[in-house]
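# Secondary and tertiary structure notes
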Amino acid sequence: MKNKNLPNGTRDEFGSQAEIKETIQMKLLTLFKNRGFQKLTTPALEYSDVFEPLSTDNYRPYQFLDEQGERLVLRPDLTLPVARVMSTTGVDLPVKWYYSGDVFRIKKRLSGSYNQTTQAGIEIIGYKGLKADWECLQVALSGCQQLQLKDVTVELSEAKFVDTVIKQLDLPEPTKASLKQALFDKDLSRYQSLWSPLVGTPFEKFLSEWPWLFGNFNQVIRVVETLPRATELESIIQDLIATKTFINRQFPNYQVTLDLSIRSPQSYYTGMAFRGFTGKSADYLFSGGRYDELLTNFQKVKVSAVGVAFDVDALVERADWPVNQQTTLIYFDSEQWQLAEKKLKEIPNSTLCLSQSLAAAKQLADNSNSVLLDLTESR
Ligand SMILES: N[C@@H](Cc1c[nH]c[nH+]1)C(=O)O
């Protein structure tokens, strides 16, 4: 074999890390199942059309051609396949799905992040109201609680907010588009020059602070409240405030922040979006949001939907669990297999020692810091 290296951004997983990952995944899947969600599995390979609504700003998909020359991709997202399933299978609505699997995203070289990562998530399809968004938050934060994560911050955002504000501004359409771009890119000098014609209007205070409109929830809302009243904006603010109150009531130990100056975490979100962080790390633990238009890409009827997915690898990194518990090695003669089997059941964290001699078993026990139980001794 010529090339024993792994492709860029991939890795092997083994030992305690792999075990922690399995435990975390199992805990999450049990949580989803116990709340009445149904399992959905989709293939890792899909036609690239399925992912058309996905913006490729941050990552690109792996692409192939099938034998008919159709473009295939390794799925870069697990929500879009759910939308495809909904449009092709005629499943009755409403429905609550759960899933876990790997997503493949070619990230920028030297970004230090992996291109194959594991997600576990839920999608709630067919409910319009805030209750479905809150169920996603409840599940996400219960998951964090079960994994004993402390210091969790939920960052709320709203996909419609930026367009709702920009729509109200008395600026030419091309300037509005450039203003939005400059805001997202945090290109401050360009941003300032683009909104300068509105100095002296009721929008001045808000526009002067918009690029910094993230962080403390109440402070951000106070700035938003300086904007001229508009019904659409009112309902966005009311929903955000109600959601913050919900999280504070259900999870008093977790923080809630608000970011109204970012690009929506996914191009297909149409409403509230939420991400969970812990400590100072910039990697999120979970990410989700409402996507009421996505299914119209696959079918004519509009269907309301909201979901959230954990980044299982990020959870593994944060998990502060004891590893390397001491194991017991059970050494036995092959005729003693039944007795060995009995001991294996009785002794927690034990494993059969398959060495052919006691000397080899002793060495293995020394090397692996295990206790040796020698069943041949009593014969
Ligand atoms: N698929 C989204 C997360 C999500 C699940 N449901 C809704 N959003 C992501 O990978 O960021």
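Here is what the cut-offs are and how they apply
Residues numbered from 1 in each chain as written. Predicted model: local features only at pLDDT ≥ 70, side-chain atom pairs only at ≥ 80, totals over all residues. Heavy atoms only, no water. UniProt positions renumbered as here; feature names shortened; annotations may be inferred. Near = heavy atom within 4 Å. Polar contact = N/O pair within 3.5 Å; in protein donor to acceptor, adjacent residues only side chain to side chain. Areas by Shrake-Rupley, 256 points an atom, 1.4 Å probe, with all protein chains shown as cover. Helix = DSSP H or I, 4+ residues; strand = E, 2+ residues; numbered from the N terminus. Nonpolar A, V, L, I, M, F, W, Y, C, P; charged D, E, K, R; others polar. Buried < 20%, exposed > 50% of the residue type's maximum accessible area, 1.4 Å probe, protein only. Contact = heavy atoms within 4.5 Å. Axes fitted to C-alpha atoms, helices over the stretch in contact; angles between N-to-C directions. Parallel < 35°, antiparallel > 145°, perpendicular 65-115°, else oblique. Left-handed = near helix turned anticlockwise from the far one by under 90°. Phe/Tyr/Trp six-rings, centres within 6.5 Å; stacked < 30°, edge-to-face > 60°. Lys NZ or Arg CZ within 6 Å of the ring centre and 35° of its normal.

The chain appears in an unreviewed UniProt entry as ATP phosphoribosyltransferase regulatory subunit from Lentilactobacillus raoultii. Check the Sequence similarities (unreviewed entry) section of the UniProt entry for the chain; it says "Belongs to the class-II aminoacyl-tRNA synthetase family. HisZ subfamily." As stated in UniProt under Subcellular location (unreviewed entry), the record for the chain gives "Cytoplasm".

## Some details on the site of the ligand
Taken together, 16 residues lie around the ligand, and Thr79, Arg105, Glu123, Gln266 and Tyr269 are the ones closest in. Here Asp77 contributes a side-chain N or O atom positioned 3.0 Å from a nitrogen atom of the ligand. Interatomic distance of 2.6 Å between a side-chain N/O atom of Tyr269 and a nitrogen atom of the ligand. In the complex, 98% of the free accessible area of the ligand, which totals 300 Å², lies under the protein chains. Among the elements of the structure, strand 6 (116-125), strand 11 (286-290) and strand 12 (305-311) are those that each provide at least two residues to the shell around the ligand. Broken down by class, the residue content of the shell around the ligand amounts to six nonpolar, seven polar and three charged.

## As for the side chain of Thr118
Positionally, Thr118 belongs in strand 6. Assessed through its relative accessible area of 3%, Thr118 is described here as buried. Ignoring any residue separated from it by four or fewer positions in sequence, one finds Thr118 in contact with Lys21, Gln25, Gly101, Asp102, Phe310, Asp311, Val312 and Asp313.

## Remarks on the packing of helix 4 (residues 161-168) against helix 9 (residues 231-250)
In a packed pair of helices, the relevant descriptors are the angle between the two axes and the axis-to-axis distance. Direction vectors running N to C along helix 4 and helix 9 enclose 155°, while the axes themselves pass 10 Å from each other. The orientation of helix 4 relative to helix 9 falls into the category roughly antiparallel. For the pair helix 4 and helix 9, the sense of crossing is left-handed. Contacts between helix 4 and helix 9 involve Phe161, Thr164, Val165, Lys167 and Gln168 from the former and Glu232, Leu233 and Ile236 from the latter. Looking at the contact of helix 4 with helix 9 residue by residue, the classes come out as four nonpolar, two polar and two charged.

## With respect to the UniProt feature "domain: Aminoacyl-transfer RNA synthetases class-II family profile" (unreviewed entry) in the chain
UniProt records the feature "domain: Aminoacyl-transfer RNA synthetases class-II family profile" (unreviewed entry) for residues 1-105 in the present numbering. As annotated, residues 1-105 comprises 30% helix and 21% strand, and the C-alpha atoms at either end are separated by 27 Å.

## Remarks on the packing of aromatic side chains
One pass over the full model with this rule turns up ten aromatic pairs. Considering the side-chain rings of Phe251 and Tyr254, the 5.9 Å spacing of their centres and the 5° angle between planes classify their relative orientation as stacked. Taking the relative accessible area as the measure of exposure, Tyr254 reaches 6% and is therefore buried. Through successive ring pairs, a cluster of aromatic residues spans Phe161, Phe206 and Trp210. Above the face of the Tyr114 ring, Arg11 is positioned so that its terminal group lies 3.7 Å from the ring centre. Geometry around Phe37 places Lys96 over its ring, the cationic atom sitting 5.6 Å from the centre.

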